[in-house]
Amino acid sequence: MKDIVVTAKRIKKELCILLGCFAFACILNVISIMLFQTAWLEIFTQIGYVLIITFSIYVLVTFIRLVIRLFRALLSSGKQR
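Residues numbered from 1 in each chain as written. Predicted model: local features only at pLDDT ≥ 70, side-chain atom pairs only at ≥ 80, totals over all residues. Heavy atoms only, no water.

Chemist: Give me the side chain of T54: which residues, what numbers.
Modeler: In this structure, T54 sits in helix α3 (residues 47–80). Apart from the residues lying within four places of it in its own chain, the contact partners of T54 are L18, C21, F22 and A25. (Helix = DSSP H or I, 4+ residues; strand = E, 2+ residues; numbered from the N terminus. Contact = heavy atoms within 4.5 Å.)

Chemist: Can you tell me about the environment of T62, naming the residues and giving the values?
Modeler: Tracing the sequence through the fold places T62 in helix α3. Residue T62 is classed as partly exposed on the basis of its relative accessible area of 34%. Separated by 2.7 Å, the side chain of T62 and the backbone oxygen of Y58 make a polar contact. (Buried < 20%, exposed > 50% of the residue type's maximum accessible area, 1.4 Å probe, protein only. Polar contact = N/O pair within 3.5 Å; in protein donor to acceptor, adjacent residues only side chain to side chain.)

Chemist: Account for the pattern of salt bridges, naming residues and giving values.
Modeler: What the rule picks out here adds up to two salt bridges. When the shortest N-O distance is used, the salt bridge between E14 and R10 registers 3.9 Å. Separated by four residues within a single helix, E14 and R10 lie in helix α1 (residues 8–36), roughly one turn from each other. With a shortest N-O distance of 2.7 Å, R65 and E14 are connected by a salt bridge. Separated by 51 residues along the polypeptide, R65 in helix α3 and E14 in helix α1 bring together distant segments of the chain. Its relative accessible area of 23% is what places R65 among the partly exposed residues. Salt bridges linked by common partners bring R10, E14 and R65 together as one network. (Salt bridge = Lys/Arg side-chain N within 4 Å of Asp/Glu carboxyl O.)

Read these as layout, nothing more, since geometry by itself doesn't imply function.
Here is the structure:
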């Protein structure tokens, strides 16, 4: 059985993407607080929802990256023929 090796560069890249998703979810939370004129305490009390939104965005971004990678692989295999 082959070992799967995940490089440090790959881990850093994925963590940066996850951090970007978290920042985007936090920005969405701040925008919703301003739009609905609620208490700023909700930045801390709604952290569970922010984390759920973060992982949802991460899954969506990962799916989009996978589709792009597959599309590029199909294009590159078509050029070789």
